[in-house]
Amino acid sequence: MSRYLCIGLLLIVFCLCAESAQLRIARGNGQITLDGVLDEPVWQNVLKFELEYETRPGENVKPPVQTECLMFYDNDAIYVAFRAYDPDPSKIRAHYTDRDAAFQDDFVGVVLDTFNDDRRAFEFFVNPLGVQMDLFQDDVARVEDHTWDTIWDSAGKVNADGYTVEFLIPFRSLRFPRGSKEQTWGLDVVRMYPRGQRYRIGLNLQDRNKNCYLCQDSSLTGFQGITPGRNLELDPTFTSSSTQDREDVPEGDFKNDWSAEPGLTLSWGFTPNWNTNLTINPDFSQVEADVAQLDVNEQFALFFPEKRPFFLEGADFFATPLDTVFTRNVADPIAGAKLSGKQGKNVVAAFFAQDDITNILFPGSQADDSTSLDLNSSDAVIRYRRDIGNNSALGVLYTGREATGYHNRVLSVDGNFRFAESNQFRFQLIGSDTEYPLEVANEFDQPKDSFQDHALHLGYSHESRNWLGYFRYQDLGKDFRSDMGFKPQVDIRLYLAGAGHSWYGDDKNWFQRINVGGDFDQTEDQDGNLIEREGEAWFEWSGPKQSFFFVGPGIRERVFNGVSFDQKFLNFFFEQSPTGSFYYRVEGTLGNRVDFANTRNGDIVRVLPFVRYRFGNHLLFELRHVFESLDVEGGNLYQANLSEIKLVYQFNVRTFLRVITQYLNVDRNPALYIDPVESYEKNLFNQVLFSYKINPQTVLFLGYSDNHFGEENLDLTQTNRTVFLKVGYAWRL
């Protein structure tokens, strides 16, 4: 019996070792030239290993190509290199793009869990031409944040055997525990190999019955005597713009407005665990145009993601189930400060801003409203989170906005608990206290004095290899307000439950994955009146040429303005990338939709095609379109077309020239509306941008933009035009 016991123990040890590799990195000696060519002697005696598992579409099988990773470190940085072998290098997908925009290409990279706590990790990826992509992985909230940027160096080169990549990650661009003892980090190493299928090749086995990623990492030990140094960064900026606004449309003169403003942001990692940011007269101008969205026959405000770097760093700390923090509510800040860090199991984050403008959203159960006040407000967000167990957390969040005659204060407690590897339970309980200026309360029919209310979120999910199940309950009081968040609908109780089943294939089958399922939800107001009752089924298929297809038929009962409507609908989505240069998708909705302007049922056709084509390695063309048509009794109520064309010429990894044109055309039938409307509306937006970017903070932007407007009695007329310049420099001490 003892012999069989020993054999059994050896098998257990073997399985445990196979699941999680133990790697040791060594300190290297010698300089390298970062050129994507691994010809320096130092690369001969470093940690070397191969990526042995194809984890998608295959399930932990032998990969179709060989990939070798090399690593070492010195006092200042960790150095990583790859030899990515390819049997046919002519099929390598590699294009010059802006940073964080090469995810459709071949690429390789590392995932570093520097605190080795299976919760958060830094991700660094590089395509064969050296284009950088850095992300932040929050495995507690299951969020991968591509807006996180830091300063590091990389280079790549395609050769006769495939391609090679080198990159250097300074320790001062990372955070890790304090101390002189040897450190152990969590590690994953990844290669994406897009051909007929999109292969994911990795260092670690991926168990599809586990709903965590970082918990399956390998361990990288050997770091000793490393420090991020003073980790002090000064980012001065200078922004200048000249804007001309037409005073009277269409024939009025243009009024000139010129501005030139210096700004300064200071970032200081005063310990390896803690970082603070201070900004004075910050440049929060957006050189990135928002993706055009169609705002016709909508009940609630549209969501536009945050793009400003000051608010993006550490944004995952503030994530909660009910979107309690939405930093675009800070519209025009004069100054700001931010603190974030982790000590042991404790996470603390906060930011404060002084805002010149106070934008307020007034939510409701059927519609919302908004206003912008010429009030200077003080904004604050404070977050504390405590890690619990292997991959769970409990947190407290406070948000506040204060101005003359106005305040909104929100206090919440939330938790995220994982158990039995495939199960997760999340909750958030919130209380709010709000007061509006009397004239605002009167104008928007809001309570006249200070008022309070609550919100509650409960959610459970089961995610295993073959089964998906989930339940959600939300209760948002009529007078609940979260003015630092994004919550346009309140006065509701929502019940949602769903389930699905998956089957898996591989690259030799006609499918990679098939998923079928369905869910049911019901929304009512706080008095128990029905708002919506909906049932939907779905079918998903993933197949060759990176194809994905979704179809979701359903039925619903919708109540609006006291009238009940029985509706049927069909949602659909299809995407494919048949070559490395060509990608397209089409999505849409067919069925019934409420005409909210006139309280009646209608038949909607909504189609959103998108095409991306790359001409060689440098030129990108994108076409995005939205078509929407609503028919009601009596004829066509409206037909809307929204188009966006983008052309980008990427000279190299640092420099591009981009042109964007957005055109909106809405044709309405005024005879079918109760209230008067214009028979048509036209808007045209153009932007030309030249960008030179050494790193995320050392930048030069030079651009031009204009807007044109037209309606029934007005031809398309230019209403404003702007020329702008921004220069930024990262000065590290």
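Rules and cut-offs
Residues numbered from 1 in each chain as written. Predicted model: local features only at pLDDT ≥ 70, side-chain atom pairs only at ≥ 80, totals over all residues. Heavy atoms only, no water. Helix = DSSP H or I, 4+ residues; strand = E, 2+ residues; numbered from the N terminus. Buried < 20%, exposed > 50% of the residue type's maximum accessible area, 1.4 Å probe, protein only. Contact = heavy atoms within 4.5 Å. Areas by Shrake-Rupley, 256 points an atom, 1.4 Å probe, with all protein chains shown as cover. Lys, Arg positive; Asp, Glu negative; His and termini not counted. Charge placed at Lys NZ, Arg CZ, Asp CG, Glu CD. Core = buried A, V, L, I, M, F, W, Y, C linked by side-chain atoms within 4.5 Å. Pairing = 2+ DSSP bridges. Axes fitted to C-alpha atoms, helices over the stretch in contact; angles between N-to-C directions. pLDDT = per-residue confidence, 0-100. Phe/Tyr/Trp six-rings, centres within 6.5 Å; stacked < 30°, edge-to-face > 60°. Salt bridge = Lys/Arg side-chain N within 4 Å of Asp/Glu carboxyl O. Patch = residues over 30% accessible without salt bridge, like charges linked within 9 Å, V, L, I, M, F, W, Y side chains within 5 Å.

> Quick one: what's the story with the overall build of the protein chain, residue by residue and with numbers?
Helices and strands together make up the secondary structure of the protein chain, namely three helices and 41 strands. For the protein chain, the spread of C-alpha atoms along the principal axes amounts to about 85 × 65 × 50 Å. Classification of the 733 residues of the protein chain by burial places 52% in the buried group. Relative to all contacts within the protein chain whose residues are 6 or more apart in sequence, the contacts with residues 24 or more apart total 59%. Summing over all exposed atoms, the protein chain offers an accessible surface of approximately 32,600 Å²; the carbon and sulfur share of this is 55%. Distance between charge centroids for the protein chain: 7 Å, based on 70 positive and 105 negative side chains.

> Give a description of unusual backbone geometry that names residues and reports values.
In this model, R56 is joined to P57 through a cis peptide bond whose omega is 0°. Summarising the element assignment, P57 is placed in the loop between β3 (53–56) and β4 (67–73). Unlike most non-glycine residues, D118 shows phi in positive territory, near 60°. Locating D118 in the fold gives a position in the loop between β6 (107–113) and β7 (120–126). By relative accessible area, which is 23% here, D118 ends up partly exposed. With a phi close to 60°, D491 is a non-glycine residue in the positive phi region.

> Break down the nonpolar core for me, with residues and values.
Counting 42 residues, the largest nonpolar core has F49, M71, V110, F124, F167, L187 and V189 as its most contacted members. Contacts of L187, omitting those with residues within four sequence positions, involve L23, F49, M71, V110, V111, L112, L203, N204, D217, S218 and L220. A292, L637, Y638 and L642 belong to the second-largest nonpolar core, a separate cluster that totals 16 residues.

> Please give an account of the sheet that holds strand β11 (residues 162–170) that cites residues and values.
Ordered by their spatial adjacency, five strands build an open sheet running β2-β4-β5-β11-β10, and the pairing between neighbours is antiparallel. On the outer flanks of this sheet lie β2 (47–50) and β10 (153–159), each paired with one strand and no other. Taken over all neighbouring pairs, the strand axes of this sheet differ in orientation by 15° on average, direction set aside. Here four bridges tie β2 to β4, and the two strands are oriented antiparallel to one another. Of the residues in β4, the one forming a bridge with E50 is E68.

> Describe the confidence of the model for the protein chain, and please don't skip the residues or the numbers.
Mean pLDDT for the protein chain: 90, with 96% of residues reaching 70 or above. A low-confidence stretch, residues 1–18 (pLDDT under 50), is modelled with two contacts involving residues beyond four sequence positions or located in other chains.

> Talk me through the packing of aromatic side chains; I want residue IDs and the actual numbers.
Under the criterion given, the structure shown has 37 aromatic pairs. Note on F72 and Y79: the rings are 4.5 Å apart at their centroids and 5° apart in plane angle, and the pair reads as stacked. In this pair, the class of F72 matches that of Y79, namely buried. Here Y406 and Y436 contribute two aromatic rings whose centre-to-centre distance is 6.2 Å and whose plane-to-plane angle is 10°, an arrangement assigned as stacked. Of this pair, Y406 sits in strand β24 (residues 406–419) while Y436 is found in the loop between β25 (423–435) and α3 (438–443), placing the two residues 30 residues apart along the sequence.

> Summarise the pattern of salt bridges; cite the residues concerned and give the values.
Under the definition given, this model contains 33 salt bridges. Between R200 and D188 there is a salt bridge whose closest N-O contact spans 3.0 Å. One end of the pair, R200, is in strand β13 (residues 198–202); the other, D188, is in strand β12 (residues 183–194), and 12 residues separate them in sequence. D188 gets classed as buried once you look at its relative accessible area, which sits at 0%.

> Explain the pairing of strand β5 (residues 77–85) residue by residue, including any values.
Burial analysis of β5 places eight of its nine residues in the buried class, the great majority of the element. Both β4 and β5 contribute to a ladder of seven bridges, which runs antiparallel. For L70, the partnering residue across the bridge sits in β5 and is A81. Bridging between β5 and β11 involves nine bridges; their strand directions are antiparallel. Across the sheet, the residue bridging to V80 is F167, located in β11.

> Break down the side chain of T698 for me, citing the residues and quoting the values.
Structurally, T698 can be placed in the loop between β38 (680–693) and β39 (699–711). Here T698 falls in the buried class, since its relative accessible area comes to 10%. Residue contacts for T698: discarding those within four places in its chain leaves Y692, K693, G728, Y729 and A730.

> Describe the environment of L214, listing the residues and the values that go with them.
Along the chain, L214 falls in the loop between β13 and β14 (218–223). Separated by 77 residues in the primary sequence, L214 and Q137 have C-alpha atoms spaced 8.8 Å apart.

> Explain the pairing of strand β36 (residues 635–650) residue by residue, including any values.
Of the strand pairs in this sheet, strand β35 (residues 619–632) and β36 are connected by 14 bridges, and their pairing is antiparallel. Looking across to β36, one finds that H625 is bridged to S643. Turn length for the β35-β36 hairpin, with the two strands adjacent in sequence and antiparallel, is two residues, and the turn residue G634 shows positive phi of about 110°. Where β36 folds back onto strand β37 (residues 655–668) in an antiparallel hairpin, the turn is made up of four residues.

> Account for a nonpolar patch on the surface, with residues named and values stated.
Together, L623, I645, L647, Y649, F651, L657, V659 and V688 line one region of the surface with nonpolar side chains, adding up to about 600 Å² of accessible area. Taken together, the elements giving at least two residues each to the nonpolar patch come down to β36 and β37. Examined against the element boundaries, F651 turns out to sit in the loop between β36 and β37.

> Tell me what's going on with the environment of E463, and back it up with residues and numbers.
Mapping E463 onto the fold places it in strand β26 (residues 451–463). In this structure the C-alpha to C-alpha distance between E463 and P64, which are 399 residues apart in sequence, comes to 28 Å. With sequence-adjacent residues up to four places away left out, E463 is seen in contact with R142, N209, N211, S422 and L468.

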